[in-house]
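Residue strings, one per chain:
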Amino acid sequence: MNGTQWIIFILIIQVIHFLGTWKLYVKAGRKAWEAAIPIYNAIVLMKIINRPWWWVLLLFIPIINLLMFPVVWVETIRSFGKNKLVDTWAAILTLGFYIYYINYVEDVSYIKDRDLKPKTGLGEWVSSIVFAIVAATFVHTYFIQPYVIPTPSLERTLRIGDFLFVSKFHYGARVPMTAVAAPMVHDTLPLVKTKSYLNKPQIPFFRLPGFNEVKKNDIVVFSWPADTVRQFFVAERKVEKPIDKKSNYVKRCVGTPGDSLAIIDGFVYVNGQRLQLSDRAKLMYDYTVYSNKGVSSKFLSDVEATDYVRKYIANSISQNQVDALSSLIIGVRQGANGKIELITNEKGIPTEAIRQLRLSLTEEKPLSRNANLTDEMVTTLRNNPAIDSVVKTMEPKGVYGGSFPQKPNLYPWNNDNFGPIYLPKAGATVEINYKTIPLYKKIIRDYEHNDVKVSGQKVYINDQEANSYTFKQDYYWMMGDNRDHSEDSRVWGYVPANHIVGKPVFLWMSFDNFNDGLLSWRPRWNRIFTTVGGSGEPVSYFKYFLMVIAGWFIFDFVRKRRKKKVD
């Protein structure tokens, strides 16, 4: 909906309100016309139901208003003596239209000084829960939102199983664009697994003022521009989703509007200069590790390498034993020598499982192995006398690797050698032709809502031949620190400014084995209560937090004992 449509919609709501309440306004000692004046009628209504004026503000805050409207409906009918449970449900289930019945049919009297305190314990409990949800939704939507890292795209800077607080006020909170949605959930309702929102109506994009801009090196949470799945990790037919209901991604911003960006041999260059990352950034790349004596899994395990496979050779193994190992192995095959080979990820097969199943296994030590490593891991392995060499795996320049904009004839780019590419800035104008349109077509069509057609070597925008285009908003380039295991801008392109959600600021909990089930979770104590930004090794403030909590309990205990003695 555009601005004009929203004005019309709001006026219709005002007419509906006036027709359904004007008699009640009169019975409350007010004038009928007061029910017809936008905003003023809400202020008067708050006086009628004996509620504070600032409730009016809550009625105009997206998502919060969805919670407040039913509260106001119920408070209105109770101000005219309708206190029964059936009346409450009638007001809620009819979306407030039960008030029409009271306004025109019922002979009700206004209760000026009604008791606002719930008359039952259940009523008081419900009232407390409602306003707790309102407060939590307000904070969740406009200030701080908790997230968890489910994928390894930022390993080892941010790790799978990290629980984060993401600030929405650093860059300015994005006012929800989806007007009708369940509070405090994203795109899917828990348990029932159904859509948590209605696609229409949509509120025009608006961002509250922030005190930071997105800068290069910032870790940023954003709505995934290419998202067309109903819910995260569930593959199904294409779904058109509102911007604020697209899946949330977290990556590092490596390019800002107006930059020229290129990737050369795996390193990012911005405006011709290699990007200098924060000292907390721990880049990971795929390497091949060589040793004439065989590359032991222990060498890789000792440096905490990831994404390598292990092969176990079994002289004999039954189907029942294979079935018992099904959760631990990723493949089973018969080798050329007739022996059974069990393939696992880097975690391998635990000694306890081998003993329980009475297996006779030998782990293979190949002459070379591929693994995902940080610079520190590489240095440690190279200093190991048993290792001959550690070589970075690299896609050569000019070999297409499925990268954006998916036009291999024009742009044979890959993860390691990409660009250069211009990052559009609001108000900037670029040349448009059949060669450049693949870079900007998605922006012009999907993010800035124009019709784009290419006929031969001519480009048409909104049925007009175009030689240039001026961008309406800024665009960013986001990449994961786990460079060879991150689906990011190299695959789906630019991140529009209206997709920016917030900035991770605090890591309050972290677990190893996060994707292996709750019983397998192991706290990473050195990461709990650490900041995401800053320089140097992160410092955990968890012990200080525990000291404050313990101090409070001691203080409270002593205070209560002294008070008891005085009494």
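This text goes with the structure placed above it.
Residues numbered from 1 in each chain as written. Predicted model: local features only at pLDDT ≥ 70, side-chain atom pairs only at ≥ 80, totals over all residues. Heavy atoms only, no water.

**Q** Kindly report on the overall build of the protein, identifying the contributing residues and their values.
**A** Broken down by element type, the protein carries 14 helices and 25 strands. Oriented by its inertia axes, the alpha-carbon framework of the protein measures out at about 95 × 80 × 50 Å. Taken over 567 residues, the protein has a buried fraction of 44%. In the protein, the share of contacts with a sequence separation of at least 24, taken over all contacts with a separation of at least 6, comes to 67%. Counting every atom, the protein has about 30,700 Å² of accessible surface; 59% of that belongs to carbon and sulfur. Counting 71 positive and 51 negative side-chain charges, the protein places the averaged centre of each group 6 Å from the other. (Helix = DSSP H or I, 4+ residues; strand = E, 2+ residues; numbered from the N terminus. Buried < 20%, exposed > 50% of the residue type's maximum accessible area, 1.4 Å probe, protein only. Contact = heavy atoms within 4.5 Å. Areas by Shrake-Rupley, 256 points an atom, 1.4 Å probe, with all protein chains shown as cover. Lys, Arg positive; Asp, Glu negative; His and termini not counted. Charge placed at Lys NZ, Arg CZ, Asp CG, Glu CD.)

**Q** Run through the packing of helix α4 (residues 64-78) against helix α5 (residues 85-93), naming residues and quoting values.
**A** Close contact between α4 and α5 brings their axes to 9 Å; oriented N to C, the two are set at 135°. Put simply, α4 runs oblique to α5. Seen along the crossing, α4 lies across α5 with a hand that is right-handed. The segment α4 lies against α5, with Pro70, Trp73, Val74, Ile77 and Arg78 engaging Asp87, Thr88, Ala91 and Ile92. (Axes fitted to C-alpha atoms, helices over the stretch in contact; angles between N-to-C directions. Parallel < 35°, antiparallel > 145°, perpendicular 65-115°, else oblique. Left-handed = near helix turned anticlockwise from the far one by under 90°.)

**Q** Account for a nonpolar patch on the surface, with residues named and values stated.
**A** Side chains of Ile8, Phe9, Ile10, Ile12, Ile13, Ile16, Leu95 and Phe97 sit close together on the surface and give an oily, nonpolar patch of about 700 Å² of accessible area. Position of Ile16 among the secondary structure elements: in helix α1 (residues 3-27). (Patch = residues over 30% accessible without salt bridge, like charges linked within 9 Å, V, L, I, M, F, W, Y side chains within 5 Å. Salt bridge = Lys/Arg side-chain N within 4 Å of Asp/Glu carboxyl O.)

**Q** Quick rundown of helix α11 (residues 375-382)? Include the residues and the values.
**A** Of all the positions in α11, only Met377, Val378 and Leu381 are classed as buried. Buried residues of α11 fall within an arc of 100° about the axis and therefore sit on the same side. Summarising the contacts, the buried residues of α11 are in contact with β8 (284-290), α8 (297-302), β13 (368-374) and β14 (389-392). (Arc of directions from axis to C-beta.)

**Q** Hey, could you go over the side chain of Gln14 for me, with residue numbers and the actual values?
**A** Relative to the helices and strands, Gln14 resides in helix α1. Using a relative accessible area of 14% as the deciding quantity, one classes Gln14 as buried. Contacts of Gln14, omitting those with residues within four sequence positions, involve Pro38 and Asn41.

**Q** If you had to explain the environment of Ile432 to someone new, which residues and values would you point to?
**A** With respect to the secondary-structure elements, Ile432 resides in the loop between β16 (429-431) and α12 (437-447). Separated by 405 residues in sequence, Ile432 and Lys27 place their C-alpha atoms 66 Å apart. Residues within four places of Ile432 in sequence aside, it is in contact with Ile437, Tyr440, Ile444, Val459, Ala466, Asn467, Ser468 and Tyr469.

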